[in-house]
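# Remarks on the overall topology
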Amino acid sequence: MKFLHLVWRNLLRRKVRTIMTVASILVAFVLFGALMAIRAAFSMGVDIAGADRLMMIHKVSIIQPMPASYGERIKATEGVTALTHANWFGGFYQEPSNFVQSMAVDPPTWLEMYPEFEVPPDQRKTWFGDRTGAIIGADLAKRMNWKIGDRVPLLAPIYQRAHDGPWEFTVDGIYDSTKQGVDKTQFFFHYDYLNEAMRKLPGQGDQIGWYIFRVADPSTSDLLAKRIDAMFANSSAETKTATEKAFVSDFAKQIGDIGSIMIAIAGVVMFFILFVAGNAMAQSVRERINELGVLKTLGFNDGRILALVLLESCTIALLGGGIGLALIWCLITFGGDPTGGLLPIFHFPTRDVVFGVLLVFLLGFGTGLLPALQASRLKIVDALRRT
Amino acid sequence: MNWITQMLAVTGVTLRSIPQRLGSSIVAIIGIGGVVVVFTAVLSIAEGFRAAMRGTGDPQTVIVLRSGSDTEMTSGLGGEETRLISEKPGLETSDGPHASPELFVIVGHPLQRSGTDANVPLRGVTPAALKARPQIRIVEGRMFNTGTNEIVVGRSASRQFAGLTVGSAVRWGTSNWVVVGIFDANGSVAESEIWCDARVLQPAYNRGNSFQSVYARLASVDSFQTFKDALTTDPRLQVTVIREPDYYSQQSQVLQTVIRRVGFGIAGLMALGAIFGAVNTMYSAVANRTREIATLRALGFGASPVVASVLFEAVLLSVVGGVMGGGLAWIGFDGFQTTTMNWQSFSQVAFAFRVTPDLLMRGLIFAVIMGLIGGFFPAVRAARMPVVTALRQL
């Protein structure tokens with residue numbers, strides 16, 4: 001530790017180079033954080049999709065509804081322990097650009113199925129009892145500046161009311177989540193409120209967008225999915241059942257090459273920036289070869305020289321990487337989605353933060369090791385002879 | 001010696017010394033080149049998407065939707081309403097109607113690249129569809145026969161989605177379909193679609209006699225207002241009408257915003273990284289030449305020619321990097337075919353990346369700016385160096 005001062009003086013001898021190197025490492029790690037957040041956003045929460053939850057949609061496509069009568073038959077199936085359902089509402093507030101990710105659900109079973117949506121008990125109770133009530137995600141509340149008790153009219157092109165009036169809702173609660181990667185931009189309201197109006201139109205009532213059910217034993221979910229689909233085969237609405245994870249991952253794949261191309265190129269460039277920085281760090285050791293020779297003459301042994309050089313490279317890596325990671329973490333956590341609601345799951349996963357820290361150390365050791373070894377193996381005579 | 005000859009002389013010395021510090025020069029070139037590749041590639045995605053969307057538009061073609069709907073997906077029009085719409089003045093009427101009431105739905109169909117289901121757009125059209133969009137033509141096989149379960153597939157759809165070649169059979173839900181033709185729409189977004197007879201699609205989707213949109217051909221580009229007024233003054237209709245190019249550019253807004261925000265963010269960060277790299281490179285170039293520069297100064301060369309020569313080298317390196325980066329992006333990405341999810345229509349759109357000359361130019365300018373910033377501080381430092389101390393240095 002007493003040599004820290006020496007390391008520090010060495011770093012300061014070419015201030016500009018040190019600053020530039022630290023700065024480019026910083027940028028590389030900011031980039032790293034941004035990429036990981038984008039990757040998480042494009043994978044749409046596949047990491048947190050429940051393995052014990054199955055999803056059932058109309059076989060033709062997710063926009064086709066299924067009869068509400070399917071619910072009872074699924075519930076009666078052996079191996080199914082809980083059931084809920086949802087309808088895509090697609091509402092917007094005043095202007096189509098103020099899009100609200102809204103869904104009509106069955107409140108008690110919905111919150112039971114998705115414990116990650118955390119709602120305070122009193123708000124939960126109000127919502128269950130309020131037919132036109134809704135609970136909204138914390139991020140949505142922030143974006144729209146909606147508070148509990150607010151009356152919120154939404155227009156929905158798919159479900160138009162008679163006389164084209166909006167649907168009136170009351171915000172009964174705001175859900176948050178302690179779990180990372182939960183979409184907090186959604187808006188849930190009572191299916192009964194929607195269905196009541198839809199029943200008045202011919203053939204529009206008692207239609208369900210998709211069913212979600214929990215299975216007792218996730219290892220049998222494939223079999224169970226097949227059995228349930230077989231139950232509705234040859235009916236007017238055939239079904240497709242799979243795990244929630246499978247649906248989310250298929251859905252994420254629809255974004256396709258765009259996401260992977262952006263991430264791939266930027267990843268390459270990130271490593272390139274690190275390579276350039278590493279090169280500069282190694283260069284600065286090579287320049288001081290004869291100084292190291294002097295140190296050796298003074299009695300520094302090989303191990304100490306090795307440690308000294310490694311310490312220097314690690315300091316640079318830690319400075320740049322540490323600040324970079326902290327900066328991007330703050331930006332993502334407090335700044336949120338840069339597109340204003342288009343990438344709802346935008347966060348820096350803890351797993352990737354850990355990976356980033358490992359990368360910082362890898363960089364420090366990786367760039368320092370070769371010059372450090374060279375330096376420690378130096379013969380004093382050769383070192384002093386070099387200019 | 002005057003200023004210009006001084007500058008030329010110093011620059012000449014500088015350039016001739018590049019081979020001696022080839023390593024760091026190459027690092028700077030690659031750094032800047034890398035940023036230009038990314039910059040160009042990301043923008044080529046946005047550009048290609050925009051071109052596909054905009055190319056769809058013929059200003060003489062209009063789309064009528066239910067008022068309040070901003071996409072076909074959420075629109076709905078009764079059979080009677082579509083009849084009223086197609087009889088309004090302002091539309092082309094020579095040899096039969098030029099208005100086509102259509103359905104727009106999605107079917108779950110596997111993507112070629114991943115084998116997983118994607119939301120593929122399926123459009124139910126009426127015989128007037130081709131009259132409403134004269135740019136679309138069948139390039140392989142034939143048009144479907146009305147009243148049958150035959151489909152025609154857009155050229156991109158046939159490439160991007162699995163098993164959609166002429167003669168192949170597909171099954172969606174309980175209905176079976178046969179592909180009988182491939183159509184071309186000048187590379188526009190319509191090529192991502194699958195077309196079938198609207199009358200066959202209606203019962204399959206329990207749509208009764210309802211449609212989602214009407215595509216119509218105006219009598220002339222200028223008759224838009226006539227048609228629009230006729231629609232808005234009819235109390236039986238609650239509809240909006242929009243020209244095709246406007247509709248598609250509006251449909252592409254969300255995705256373009258995402259690509260641009262994300263893309264520019266990444267490219268900006270990388271530019272910052274590359275500038276640091278360039279500064280570092282130029283600094284060490286100046287540092288290595290301390291004695292040389294001091295000697296020049298001692299011989300009587302002014303400070304500004306030295307600044308100019310360092311800047312010139314930086315710009316030269318960045319131009320080389322920019323040209324290489326642009327070239328690589330062009331080779332690697334121009335014409336790259338892919339599909340993505342368009343959130344607004346909730347369905348897949350196929351498009352090709354486009355590296356346009358304009359993009360290449362912007363990439364080059366970007367590179368030069370990076371070079372100028374990267375070279376500026378080292379250049380100033382080189383000029384400010386006190387001659388005596390510099391000469392004394394190793």
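Computed from a predicted structure; not experimentally measured.

### Observations concerning the sheet that holds strand 5 (residues 133-137) of chain A
All names here are of chain A. Across the sheet, which stays open at both edges, the nine strands sit in the order 6-7-5-8-4-3-10-1-11 with mixed pairing between neighbours. Every interior strand has two partners, whereas the edge strands, strand 6 (151-154) and strand 11 (239-243), have only one. The average angle at which neighbouring strand axes cross in this sheet is 35°, direction not considered. Looking at chain direction, strand 3 (residues 80-88) and strand 10 (residues 210-215) are connected through six bridges and run antiparallel. In the strand pairing of strand 10, H85 is matched with Y211. Here helix 7 (residues 191-198) sits on the sheet and contacts strand 3, strand 4 (101-105), strand 7 (167-175) and strand 8 (186-190); the angle it forms with strand 8, its principal contact strand, is near 60°. The sheet strands contacting helix 9 (residues 244-253) are strand 1 (53-58), strand 10 and strand 11, and the helix crosses strand 11 at an angle near 100°.

### As for the packing of aromatic side chains
On inspection of all chains with the given rule, the structure shows 34 aromatic pairs over all chains. Aromatic side chains F187 of chain A and F189 of chain A sit 6.3 Å apart centroid to centroid with 65° between the ring planes, which places their arrangement in the edge-to-face category. Given a relative accessible area of 0%, F189 of chain A falls into the buried group. Here the aromatic residues F89, Y93, W146, Y159, W167, F169, F187, F189 and Y193 of chain A are joined through ring pairs into a cluster of three or more. The cationic tip of R133 of chain B hangs over the ring face of Y215 of chain B; the distance from NZ or CZ to the ring centre is 3.9 Å.

### Observations concerning the nonpolar core
Core analysis: the largest hydrophobic core is formed by 95 residues, its most contacted members being I25, F29 and F32 of chain A together with I266, M270, F333 and M370 of chain B. Among the elements that make up this core, the one with the highest residue count is helix 2 (residues 15-42) of chain A (18 residues). Aside from chain neighbours lying at most four places away, what touches F333 of chain B is I261 and I265 of chain A together with V37, A41, S44, F353 and V355 of chain B. Counting residues in hydrophobic clusters, the runner-up holds 40 residues, among them L83, L154, L194 and I228 of chain A.

### Considerations on the interface of chain B and chain A
With 64 residues of chain B in contact, the opposing surface of chain A contributes 50 residues. Surface buried jointly by chain B and chain A totals about 4,700 Å² across both partners, of which 72% is contributed by carbon and sulfur atoms. Among the residues of chain B in contact with chain A, L269, F276 and N280 of chain B are the three that bury the most area, contributing 11% of the side total. Between chain B and chain A we count one salt bridge in total. Here K240 of chain A ties to D117 of chain B by a salt bridge, and the two come within 2.8 Å at their closest N and O atoms. At the junction of chain B with chain A, the criterion picks out eight residue pairs in polar contact (both at pLDDT 80 or more). Put simply, the parts of the chain that give the side of chain B that touches chain A at least two residues each are helix 2 (22-55), strand 3 (99-110), strand 4 (117-125), strand 7 (169-172), helix 9 (253-288), strand 13 (337-342) and strand 14 (347-352) of chain B. The class makeup of the residues in the side of chain B that touches chain A is 34 nonpolar, 22 polar and eight charged.

Parameters and conventions
- Residues numbered from 1 in each chain as written.
- Chains lettered and ligands numbered in written order.
- Predicted model: local features only at pLDDT ≥ 70, side-chain atom pairs only at ≥ 80, totals over all residues.
- Heavy atoms only, no water.
- Pairing = 2+ DSSP bridges.
- Helix = DSSP H or I, 4+ residues; strand = E, 2+ residues; numbered from the N terminus.
- Axes fitted to C-alpha atoms, helices over the stretch in contact; angles between N-to-C directions.
- Contact = heavy atoms within 4.5 Å.
- Phe/Tyr/Trp six-rings, centres within 6.5 Å; stacked < 30°, edge-to-face > 60°.
- Buried < 20%, exposed > 50% of the residue type's maximum accessible area, 1.4 Å probe, protein only.
- Lys NZ or Arg CZ within 6 Å of the ring centre and 35° of its normal.
- Core = buried A, V, L, I, M, F, W, Y, C linked by side-chain atoms within 4.5 Å.
- Buried area = accessible area lost by both parts, 1.4 Å probe.
- Salt bridge = Lys/Arg side-chain N within 4 Å of Asp/Glu carboxyl O.
- Polar contact = N/O pair within 3.5 Å; in protein donor to acceptor, adjacent residues only side chain to side chain.
- Nonpolar A, V, L, I, M, F, W, Y, C, P; charged D, E, K, R; others polar.

These results come straight from atomic positions and should not be treated as a statement about function.
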